[in-house]
Amino acid sequence: MKDGFIKVATRSPHVQVGCVSENVAACYEEILSAYRDDEARLIVLPELSITGYTCEDLFWQAQLITEAQQGVERLIQKCANLDALILVGAPVSVRSNLYNCAIVFHRGRLLGIVPKHALPTYNEFYELRHFTPGEHEVTYINFASFSHVPFGMNQLFTCSSVPQLTVAVEICEDLWTPCPPSIAHALAGATIICNLSASDAQIGKCAYRRNLVTNQSAHLIAGYVYACAGWTESTQDLVFSSHNLIAENGTLLAESKPFSHTGVSTEIDVDMLDQERRRTSTYTSTIAAIKTYVTTSFDLQVRPCTLTRFIDPHPFVPAQTAELSARAEDVLSIQAHGLAKRLLHTHTKTVVLGVSGGLDSTLALLVCARAFDMIGLDRAGIIAVTMPGFGTTERTHGNAAVLADVLHATLKEIPISAAVLQHFEDIAHDVHDKDVVYENSQARERTQILMDIANQEGALVIGTGDLSELALGWATYNGDHMSMYAVNVGVPKTLVRHVVAHVVHSCSTSFDESQDLQDVLLDILATPVSPELLPAHDDGTIAQKTEDLVGPYELHDFFLYQVLRRGFRPSKVFRLAQTAFADSYDKKTILMWLKTFYRRFFSQQFKRSCLPDGPKVGSCALSPRGDFRMPSDAFCTDWLRELQSFE
């Protein structure tokens, strides 16, 4: 449970319908397996596992109900030495009524009994024939040898050692209703909803069930653990498939293949869920609708668990080709429509941007071309300016020129070396001193040229810097940091590459050009990322590689997502990075660049506080007018201090 991760598991025991003694043994075997083999600390078994769901009129037999009560007590006692919250389904008789219930227990203590509310009586289901619908209000009952046991739907089970872990229960059909109990449970504070189910197998039902569980977890910003009865429950006309599911805030974390006869286990991040709810201001907008709840505490020993869930090393880049292509198309559409609106609003028919032959300016130029096409402007109004300086290579210079040509933009070449040398003389700077003055003077000279051409042409200067560069402050203040509309400002560097690659594969349909555009884009994609502000090597290759200076962008984009989108503390970001990049970077390297990220992220906020407009593309954005409002003079001392223990 370190860092808010709670290991959860579902199991589908081999049920013998109506045979409580064998079912108790089977349930215990599955619980023990989940606890020892999977390290699970929250274990959920299906609906009516103690007796079997398909007992039908046997539920009217006193023998079965008595055996079930005694069986539950035996199971609780057998699990008394297990440090886990355990849920199992059983019929419970209360005041001459029979209820379909979830039994919730921990270390030999019966914490509560939660009855099912929605009892289906359609198609193959006849639950109202045997059971009474559960009530929201919680009363107290005696059950077996346990006294004063909370009984009712409105119950929360909160872990005292991990306060973000609060568990609530709904049973099978409860989820399928228009207003599931889990809505109120989540609003009352439940971060994990457990569903004990005996949903039978039908053609197409698996996909519907999966969507239902996943969407409910997104709707509630919660973890959702769904335990389904297995094939041994099958009898007469019904077959069950042990389709177990675990979802978290709209993401399916684990799923058993139907009829695979297995449970599933993974980790749910309750810390993330808690933070996500805090940042989503509308989450508590219906807080007044919360009913009275009874909360029962339990305690789990806090210990690190092995992370088995997938930690995406590239959170901005979908792994599936089709999804990646769709996202790239979305990015281009958002960028182009944002720029088109600005052009229409300002009655502007001309734009100016610097093209370097690098990825960012390439994407910006492609966006301009699409925006111009959308609103019927002649692409000759796109003035692409190449400004070779001390570090410009033939490869990048040539690619910039070819790209402008194949897109039918107007190319201007304005060398800056002479102007920068004059500037060095004006400010008495030694030309041999290749310091920050040497580099930034070139960036500012280029921006001055772009701004002045814009004035000449009545044009807008289009910024090319991306989200990752802004996060790191990898921009020259009042140089490439400034523009009149920054089209790439919401796109992280790892995604920029894939958006350009998407154009390579789709340019025959998205653009009039095909082969020539593809060829130049492929070479740009193969070119190292560089600001080209220092002289090239003797062989003409790029000498200054950005990632050698600030670190790998794939790491920084990972850090950016976990820090900005998730709000995780440094130790958790470090742990997740080690898991995500286990095959790529060692612990020392990750720690070094994580510290670099925090230092730069904090110290460079002043650059982000005065950013020009630009389209928000994804859930991470740094606009000072929108998503991110951070003081420019904040200290990162406490963030870095937490990382010291890992050195």
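Residues numbered from 1 in each chain as written. Predicted model: local features only at pLDDT ≥ 70, side-chain atom pairs only at ≥ 80, totals over all residues. Heavy atoms only, no water.

## Digging into the overall build of the chain
As a reminder, the rule being used: Helical segments are the DSSP runs of H or I of at least four residues, strand segments are the runs of E of at least two, and each set is numbered from the N terminus. Buried means the residue's accessible area, taken with a 1.4 Å probe over protein chains only, is under 20% of the maximum for its type, while exposed means over 50%, and partly exposed covers the values in between. Contact definition: two residues touch when any of their heavy atoms are within 4.5 Å. Here the Shrake-Rupley method, with its probe set to 1.4 Å, supplies the accessible areas, and only the displayed protein chains count as covering residues.
A tally of helices and strands in the chain yields 19 helices and 20 strands. C-alpha extents for the chain along the principal axes are approximately 100 × 50 × 45 Å. When burial is assessed residue by residue, the chain has 57% of its 647 residues classed as buried. Contacts spanning at least 24 positions in sequence make up 73% of the contacts within the chain whose residues lie at least 6 apart. Accessible surface, the chain as shown: approximately 26500 Å² in total, 50% of it carbon and sulfur.

## Regarding the UniProt feature "binding site: deamido-NAD(+)" (unreviewed entry) in the chain
The test is simple: UniProt positions are given in the numbering used here, feature names are shortened, and annotations may be inferred rather than shown by experiment. Any pair of N or O atoms that falls within 3.5 Å is considered a polar contact. Within protein, one atom must be able to donate a hydrogen and the other to accept it, and sequence-neighbouring residues count only if both atoms are side-chain atoms.
When the UniProt feature table is mapped onto this chain numbering, "binding site: deamido-NAD(+)" (unreviewed entry) sits at N440, E469, W474, A475, T476, Y477 and K607. Position of A475 relative to the elements: it lies in the loop between α11 (467-472) and β20 (485-486). With respect to the helices, strands and loops of the structure, K607 is situated in helix α18 (residues 605-608). According to the relative accessible area criterion, K607 is buried, its value standing at 12%. In this structure K607 touches G473, A475, Y477 and H481, once residues within four positions along its chain are discounted. In this structure the side chain of K607 is engaged in a polar contact, spanning 2.8 Å, whose partner is the backbone oxygen of G473.

## Thoughts on the domain arrangement of the chain
Size of an interface: often given as the accessible area lost when the parts come together. Keep this limit in mind: Segmentation into domains, and thus their bounds, comes from an automatic or database assignment. Values labelled buried area give the accessible surface lost by two parts on being combined, using a 1.4 Å probe and summing over both. Salt bridge, as used here, is a side-chain nitrogen of Lys or Arg placed within 4 Å of a carboxyl oxygen of Asp or Glu.
Here the chain is partitioned into domain 1 (5-298) and domain 2 (321-645). If you average the C-alpha positions of domain 1 and of domain 2, the two centres end up 50 Å apart. Taken together, the contact between domain 1 and domain 2 spans 8 residues of the former and 7 residues of the latter. Taken together, both faces of the contact between domain 1 and domain 2 bury some 650 Å²; the carbon and sulfur share is 41%. Where domain 1 packs against domain 2, one counts 4 salt bridges. With a closest N to O distance of 2.7 Å, E276 and R565 form a salt bridge. Where domain 1 packs against domain 2, one counts 3 residue pairs in polar contact (both at pLDDT 80 or more). Tallying contributions element by element places helix α5 (residues 270-279) first for the side of domain 1 that touches domain 2, with 5 residues.

## Considering helix α16 (residues 570-580)
Within α16, 9 of the 11 residues are buried, which leaves it mostly tucked inside the rest of the structure. The complete set of buried residues in α16 reads P570, S571, K572, V573, F574, R575, L576, A577 and A580. Those residues of α16 that are buried lie in contact with β1 (5-10), β14 (264-269), α5, α15 (553-565), α17 (587-603) and α19 (637-644).

## Some remarks on the pattern of salt bridges
The tally for this structure, following the rule as stated, stands at 33 salt bridges. Here D38 ties to R11 by a salt bridge, and the two come within 2.6 Å at their closest N and O atoms. Taken together, the positions of D38 in the loop between α1 (20-37) and β2 (42-44) and R11 in the loop between β1 and α1 put the pair 27 residues apart, joining distant regions of the chain. Each member of the pair, D38 as well as R11, is classed as buried. The partner of K572 in a salt bridge is D269, with the nearest N and O atoms 2.7 Å apart. Highlighted residues: K572 in helix α16 and D269 in strand β14, separated in sequence by 303 residues. Accessibility classification places K572 together with D269 in one group, the buried group.

## A look at the sheet that holds β20
The strands that make up a sheet pair up through hydrogen bonds in the backbone, lying either parallel or antiparallel. Test applied: Any two strands are treated as partners once DSSP identifies two or more bridges connecting them. Simply put, an axis is a line fit to the C-alpha atoms, just over the touching stretch for a helix, and the angle between two N-to-C directions goes from 0 to 180 degrees.
Pairing within the open sheet is parallel, and its 5 strands lie in the order β18-β17-β16-β19-β20. Of all strands in the sheet, those bounded by a partner on one side alone are β18 (410-413) and β20. Note that strand β17 (residues 382-386) and β18 share 4 bridges and pair parallel. If you follow A384 over to β18, its bridge partner there is L411. Each of β16 (351-354), β17 and β19 (460-463) is contacted by helix α7 (residues 359-374), which is oriented at about 165° to β16, the strand it contacts most.

## Overview of the packing of aromatic side chains
Cut-off, in case you're wondering: For Phe, Tyr and Trp, rings pair up if their centres lie within 6.5 Å, where Trp contributes its six-membered ring, and each pair is then called stacked (planes under 30 degrees apart), edge-to-face (over 60) or tilted (otherwise). Look at NZ for Lys and CZ for Arg. If either is within 6 Å of the ring centre and within 35 degrees of the ring normal, a charge sits over the ring.
Considering all chains together, one arrives at 20 aromatic pairs under this definition. When the ring of F581 is compared with that of Y585, the centres are 5.7 Å apart and the planes differ by 65°; the resulting orientation is edge-to-face. Exposure class is identical for F581 and Y585. Each is buried. Ring centres 5.4 Å apart and planes at 15° place the aromatic pair F597 and F601 in the stacked group. Of the two residues, F597 and F601 both sit in helix α17, 4 residues apart, roughly one turn of that helix. Neither F597 nor F601 differs from the other in exposure class; each is buried. Members of the aromatic cluster, each reached through a chain of ring pairs, are F558, F559, F581, Y585, F597, Y598, F601, F602, F628 and W639. The residue whose ring lies beneath K78 is Y28, and the NZ or CZ to ring-centre distance is 4.3 Å. Between R608 and the ring centre of F601, over which it is positioned, the NZ or CZ distance is 4.5 Å.

## What to know about the sheet that holds strand β9 (residues 166-171)
Pairing within the open sheet is mixed, and its 7 strands lie in the order β13-β12-β11-β10-β9-β8-β15. Two strands in the sheet have a free side with no partner beyond their single neighbour: β13 (251-255) and β15 (294-298). Each strand of the sheet is rotated relative to its neighbour by a mean of 20°, with strand direction disregarded. Sheet analysis places strand β11 (residues 223-228) next to strand β12 (residues 245-248), joined by 4 bridges and oriented antiparallel. Pairing of Y224 across the sheet is with A247, part of β12. Against the sheet, helix α4 (residues 205-220) engages β10 (192-197), β11, β12 and β13, with an angle of about 30° to β12.

## So, the packing of α15 against α17
To keep it simple, the criterion reads: Roughly parallel covers angles under 35 degrees, roughly antiparallel covers those over 145, roughly perpendicular covers 65 to 115, and oblique covers all other angles. By definition, turning the near helix anticlockwise from the far helix through less than a right angle yields a left-handed crossing, and turning it clockwise yields a right-handed one.
One way to put it is that α15 packs onto α17 with a least axis distance of 10 Å and a crossing angle of 60°. Taken together, the axes of α15 and α17 are oblique relative to one another. Crossing geometry of α15 relative to α17 is assigned as right-handed. Contacts between α15 and α17 pair L555, H556, F559, L560 and V563 from the former with I590, W593, L594, T596, F597, Y598 and F601 from the latter.

## Concerning the packing of α1 against helix α2 (residues 62-78)
Packed helices, taken two at a time, are described by their axes: the angle between them and the distance between them. Two elements in contact, α1 and α2, have axes whose closest approach is 9 Å; the angle formed by their N-to-C orientations is 25°. If you check the angle between α1 and α2, you find them roughly parallel. Crossing geometry of α1 relative to α2 is assigned as right-handed. In this structure, α1 contributes V20, S21, V24, C27, Y28 and I31 to the contact, and α2 contributes L64, E67, A68, G71, R74, L75 and K78.

## Digging into the UniProt feature "binding site: ATP" (unreviewed entry) in the chain
Per the UniProt record, "binding site: ATP" (unreviewed entry) is annotated on G354, V355, S356, G357, G358, L359, D360, S361 and T464. These annotated residues cover 111 residues of sequence, but their C-alpha atoms sit close together, with the largest distance between any two at 12.1 Å. When residues no more than four places from it in sequence are discounted, the contact partners of V355 are S361, L365, A384, V385, T386 and A400. Not counting residues within four places of it along the chain, the set of residues in contact with T464 comprises L353, G354, D360, S361, A364 and N488.

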